[in-house]
Amino acid sequence: SDGITAVVFSPTGANLLASSWDTTLRLYDVNANTHRTFNTPAPVLDCCFGDATHAFSGGLDQSVRVHDLVTGQDGTVGTHDGAVKAVVASTAGTLLSGSWDKTVRVWDPRARVPVGVHAQADKVYTMALAEEKLVVGMAGRHVWIWDLRNMSAPEQRRESSLKYQTRSIRCFPDKQGYVVTSIEGRVSVEFFDPSADSQRRKYAFKCHRMSVDGQDTIYPVNTVAFHPRYGSFATGGCDGFVNVWDGTNKKRLCQFTRYPTSISSLSFSADGTMLAVASSYTFEEGEKDHPSDAIFVRTVTDAEAKPK
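Report follows, based on the coordinates.

1. A look at the pairing of strand β14 (residues 133-138)
Consideration 1: Of all six residues that make up β14, six are buried, and the element is covered over most of its length.
Consideration 2: By the alternation rule, side chains of β14 split into K133, V135 and G137 and L134, V136 and M138, which are all buried.
Consideration 3: In terms of strand pairing, strand β13 (residues 124-130) meets β14 through six bridges, oriented antiparallel. If you follow M127 over to β14, its bridge partner there is V136.
Consideration 4: Turn length for the β13-β14 hairpin, with the two strands adjacent in sequence and antiparallel, is two residues, and the turn residue E131 shows positive phi of about 55°.
Consideration 5: In terms of strand pairing, β14 meets strand β15 (residues 142-147) through five bridges, oriented antiparallel. Residue pairing across strands places K133 opposite D147, the latter belonging to β15.
Consideration 6: In sequence, β14 turns back onto β15 through a hairpin of three residues, with G140 there showing a positive phi of about 70°.

2. What to know about the side chain of T181
Consideration 1: By the element assignment, T181 lies in strand β18 (residues 177-182).
Consideration 2: The class of T181 is buried, set by a relative accessible area of 0%.
Consideration 3: Only 2.7 Å separates the side chain of T181 from the backbone oxygen of V221, close enough to count as a polar contact.
Consideration 4: The residues contacting T181, other than those within four sequence positions of it, are L162, Q165, T166, R167, S168, R186, V187, V221, N222, T223 and V224.

3. Section: the side chain of D122
Consideration 1: Its place among the elements puts D122 in the loop between β12 (113-119) and β13.
Consideration 2: Despite being buried, D122 has no salt bridge partner; K102 is the closest side chain of opposite charge, sitting 4.2 Å away.
Consideration 3: Residue contacts for D122: discarding those within four places in its chain leaves K102, M138, A139, G140 and H142.

4. Digging into a nonpolar patch on the surface
Consideration 1: On the surface, a cluster of nonpolar side chains totalling about 260 Å² of accessible area is made up of W21, L60 and W100.
Consideration 2: Tracing the backbone shows W21 in the loop between β2 (15-20) and β3 (24-29).
Consideration 3: Under the relative-accessibility criterion, W21 is labelled partly exposed at 37%.

5. Re the sheet that holds β2
Consideration 1: Read from one edge to the other, the open sheet built from four strands follows the order β1-β2-β3-β4, with strand pairing classed as antiparallel. Two strands lie at the open edges of the sheet, namely β1 (4-9) and β4 (34-39), each paired on one side alone. Between one strand and the next, the sheet's axes are offset by a mean angle of 20°, whatever the strand orientation.
Consideration 2: Examined bridge by bridge, β3 and β4 share six bridges and lie antiparallel to one another. Across the sheet, residue L27 finds its bridge partner in β4, namely R36.

6. Observations concerning unusual backbone geometry
Consideration 1: Unlike most non-glycine residues, T23 shows phi in positive territory, near 75°.
Consideration 2: Despite not being glycine, E131 shows a phi value in the positive range, around 55°.
Consideration 3: Here E131 shows up in the loop between β13 and β14.

7. Points about the environment of S182
Consideration 1: Take S182: it is sitting in strand β18.
Consideration 2: A residue is classified by how much of its surface remains accessible, and S182, at 1% relative accessible area, is buried.
Consideration 3: Taking the C-alpha atoms as reference points, S182 and K306, separated by 124 residues in sequence, lie 25 Å from one another.

Conventions we followed
Residues numbered from 1 in each chain as written. Predicted model: local features only at pLDDT ≥ 70, side-chain atom pairs only at ≥ 80, totals over all residues. Heavy atoms only, no water. Buried < 20%, exposed > 50% of the residue type's maximum accessible area, 1.4 Å probe, protein only. Helix = DSSP H or I, 4+ residues; strand = E, 2+ residues; numbered from the N terminus. Pairing = 2+ DSSP bridges. Polar contact = N/O pair within 3.5 Å; in protein donor to acceptor, adjacent residues only side chain to side chain. Contact = heavy atoms within 4.5 Å. Lys, Arg positive; Asp, Glu negative; His and termini not counted. Salt bridge = Lys/Arg side-chain N within 4 Å of Asp/Glu carboxyl O. Patch = residues over 30% accessible without salt bridge, like charges linked within 9 Å, V, L, I, M, F, W, Y side chains within 5 Å. Areas by Shrake-Rupley, 256 points an atom, 1.4 Å probe, with all protein chains shown as cover. Axes fitted to C-alpha atoms, helices over the stretch in contact; angles between N-to-C directions.

Printed below as a string of structure tokens:
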């Protein structure tokens, strides 16, 4: 009943989590077309799966919560000193949360105590994991890369290649780099290896732009999601379009029919055969009448997602 902040497919199967400003976390069984609702005290800004039976969420009430997807019970893992904007679960079983309080906190969800509190350069907007590498996108266009095995200091401190505010970061399935999206209709493709040879491969491109009444209109790129098998990636923008890109060959593979309003979040299923699309106005043009918030799940074919 309010803006959708994130959609996330389960690591296996066809369960889909969705978090919302309406203070709920919902678990959808896409195949059965059923859902369960978990109520929280405040708007939920992000969510993730811990395993097949547990999910985590972070919200405006500064808390990180755990949800038992079988019993329906939930509890608080811990708290920040500002809204929790991003949560990601590591393969090692730890949970990481990023907040507007300018910290990333590492949790043992079972003990419900922070394993570490790590100061960042600015408010955390987005986080992504590639095995032991954690990429943190912040206000002020800071992008820091951490190694989970040694969190005493960031492994690399970078500035986004894009001139405007960072919206979303996701890592390549092959763990070699990451993609950054910004509010100014641009996406950059980056590589972890700091060597000059590797850094020469990085590039940025314009997207989610169109001519409206003869004027070139530029839209924020809110979200990016990688196809788990093919390494292509989808971007969603405030123009209501979803584009699928072949990052290796630097070309667009397809554009889906326009959705009713801004795309706030995207997620591919674990086998890559489905794409969840959150069509949800993100208030980039302030308060106005807008289509109702909706989640669409579409089938993805090889023709749409496999690099040629």
